[in-house]
Amino acid sequence: MCVPEIRGNEWDYVKECLDSNWVSSVGAFVDRFEGAVANYVGTKHAVATVSGTAALHIALLVAGVQPNDEVLVPTLSFIAPANAIRYVGAWPVFIDAEPIHWQMDPVKVQGFLENECRSQGGSLINRTTGRRVKAILPVHILGHPCNMDPILEVADRYELITIEDATESLGAQYKKRMVGNLGQIACFSFNGNKLITTGGGGMIVTDNQAWAERARYLTTQAKDDPIEYFHSEIGYNYRLTNIQAAMGVAQMEQIENFIKRKTKIARIYEEAFRGIEAITLMPTRTCTTPVHWLYTVLLDEVSTLEDRKDFVRTLNDQGIGARPLWHTLHDLPPYADSQAFQIENGIRLYERGISLPSSVGLSEQDQQQCINIVLASLRR
Ligand SMILES: Cc1ncc(COP(=O)(O)O)c(C=O)c1O
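Summary of the structure given here. (Residues numbered from 1 in each chain as written. Predicted model: local features only at pLDDT ≥ 70, side-chain atom pairs only at ≥ 80, totals over all residues. Heavy atoms only, no water.)

Moving on: the sheet that holds strand β15 (residues 323–324). Spatial strand order, β12-β14-β17-β15: four strands in an open sheet with antiparallel pairing. Strands at the two margins of the open sheet, each flanked by one partner only, are β12 (279–280) and β15. Of the strands in this sheet, β14 (296–299), β15 and β17 (353–355) touch helix α10 (residues 305–317), which is tilted by about 20° from β17. (Pairing = 2+ DSSP bridges. Helix = DSSP H or I, 4+ residues; strand = E, 2+ residues; numbered from the N terminus. Contact = heavy atoms within 4.5 Å. Axes fitted to C-alpha atoms, helices over the stretch in contact; angles between N-to-C directions.)

Right, dumping it as structure tokens:
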């Protein structure tokens, strides 16, 4: 669905690492990659990590999320942000998706904070659980930004930290500002299927120097001294290697072309499916410029989960790498004890959503074949 595109300086830069022996977690390419991402997103700092999940884990720690705190997170998302919340001993509170734009619903974020919580001693307390609500973790899914202004407004009102999971949306813009530069701290992923890839990898970005320094410290085993093995805290081995960063630098050089290709792929799908009653097209919010990471459509309103499963199977049987949207998180076994607030839309989106091949290198001929098979399968 999203095959890596390795046609730039990746081989040369990786060779430079191998030739110079700078293969591990320090090196010029790590610095260059951090600089390139910070510069692109417009934040003062960037800290490279082994994965997007590790980035989320550390972002929550440096933002001061404590065991037994609560963090609002969308139920319609890949599972990593919810897991990262549990890694720090905090609890997710699952928020529904918007019916039209599929992202975390700001109206429900506000509804939860206003109606389900009370202020006490300078903190916001969830009336049901008695726990402190500490942060909001919006996830910009599928290459499209969340509606951030109302989320940031309510976060500000209740003094909550906003941690963006921008792993799927590097390069997307909300009101002409890059995602990752909207909250106080944000995370990206460079997993193999992402817009740019380092094989595996992630990045924390922030304007907060103290947080960036602490993220660097925690990701390097909380090493206090460059020579003596003195550690005053428990740290993590979460740094990206120079080899991976070399690939990242080469990928960043091509990001604008990658976005252009993804946008073209989305246009072609849109034109092919416009007017087809059985398909709801992927929406774009007017004040945003998405990067169309993964083009996704919905089957019609009356289709069931079984219809959608059949449809994905039919496409897969014909060699089309289609996938469903993620199972909603609030009703997965690890989250049975977590609170879910007024979830209605997320489940239906999961039941109806299908992501289609969206690789940067997808040829127009292959895309047309994919469209033909989708249309023929709809008529079955
Ligand atoms: C929304 C979201 N958050 C976090 C991650 C985790 O990133 P990684 O796979 O690099 O750990 C991913 C994807 O992989 C994701 O899609």
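Another point: the site of the ligand. As a structural note, the neighbourhood of the ligand is formed by 15 residues, with G52, T53, D165, E168 and S189 the closest of them. One of the side-chain N or O atoms of E168 is found 2.5 Å from an oxygen atom in the ligand. Between S189 and the ligand, the recorded distance is 2.7 Å, taken from a side-chain N or O atom to an oxygen atom. Burial of the ligand by the protein amounts to 91% of the accessible area it has alone, namely 380 Å². Assessed atom by atom at 2 Å from the grid points, the ligand resides in the largest pocket. Those elements that place two or more of their residues in the shell around the ligand are α3 (52–62) and α4 (80–87). Take the shell around the ligand: its biggest share by element is three residues, from α3. Its residues placed into classes, the shell around the ligand shows five nonpolar, seven polar and three charged. (Near = heavy atom within 4 Å. Polar contact = N/O pair within 3.5 Å; in protein donor to acceptor, adjacent residues only side chain to side chain. Areas by Shrake-Rupley, 256 points an atom, 1.4 Å probe, with all protein chains shown as cover. 1 Å grid on protein atoms, 1.4 Å probe; cavity = no way out; pocket = protein on both sides within 12 Å on 5 of 7 lines; lining within 4 Å. Sits in = over half its atoms within 2 Å of the grid points. Nonpolar A, V, L, I, M, F, W, Y, C, P; charged D, E, K, R; others polar.)

Turning next to the packing of α3 against α4. Direction vectors running N to C along α3 and α4 enclose 45°, while the axes themselves pass 9 Å from each other. With respect to α4, the element α3 is oriented oblique. As for how α3 packs across α4, the hand of that crossing is right-handed. Packed against α3, whose contacting residues are T53, L56, H57 and L60, the element α4 presents A80, P81, A84, I85 and Y87 at the interface. (Parallel < 35°, antiparallel > 145°, perpendicular 65-115°, else oblique. Left-handed = near helix turned anticlockwise from the far one by under 90°.)

At a minimum axis distance of 8 Å, the contact between helix α1 (residues 10–20) and helix α8 (residues 242–252) shows a crossing angle of 155°. With respect to α8, the element α1 is oriented roughly antiparallel. The two elements α1 and α8 meet at a crossing, and its hand is right-handed. Here E10, Y13, V14, C17 and L18 of α1 come into contact with α8, specifically with N242, I243, A246, M247, V249, A250 and Q251.

Now for the packing of aromatic side chains. Applying the stated criterion across every chain, the model contains seven aromatic pairs. With a centroid separation of 5.1 Å and 20° between ring planes, the pair formed by Y236 and Y238 is classed as stacked. The class for Y236 is partly exposed, based on a relative accessible area of 23%. Overall, Y238 belongs to the buried group, its relative accessible area being 17%. When the centroid spacing of 5.9 Å and the interplanar angle of 10° are considered together, the rings of Y269 and F273 count as stacked. A residue pair is termed a helical-turn pair when its members lie 3 or 4 positions apart in one helix, as Y269 and F273 do in helix α9 (residues 255–273) at four residues. An identical accessibility class is assigned to Y269 and F273; each is buried. Among the aromatic residues, those joined into a cluster by ring pairs are Y269, F273 and Y295. Geometry around Y13 places R32 over its ring, the cationic atom sitting 5.3 Å from the centre. One cation-aromatic arrangement involves R86 over W91; the distance from NZ or CZ to the ring centre is 3.7 Å. (Phe/Tyr/Trp six-rings, centres within 6.5 Å; stacked < 30°, edge-to-face > 60°. Buried < 20%, exposed > 50% of the residue type's maximum accessible area, 1.4 Å probe, protein only. Lys NZ or Arg CZ within 6 Å of the ring centre and 35° of its normal.)

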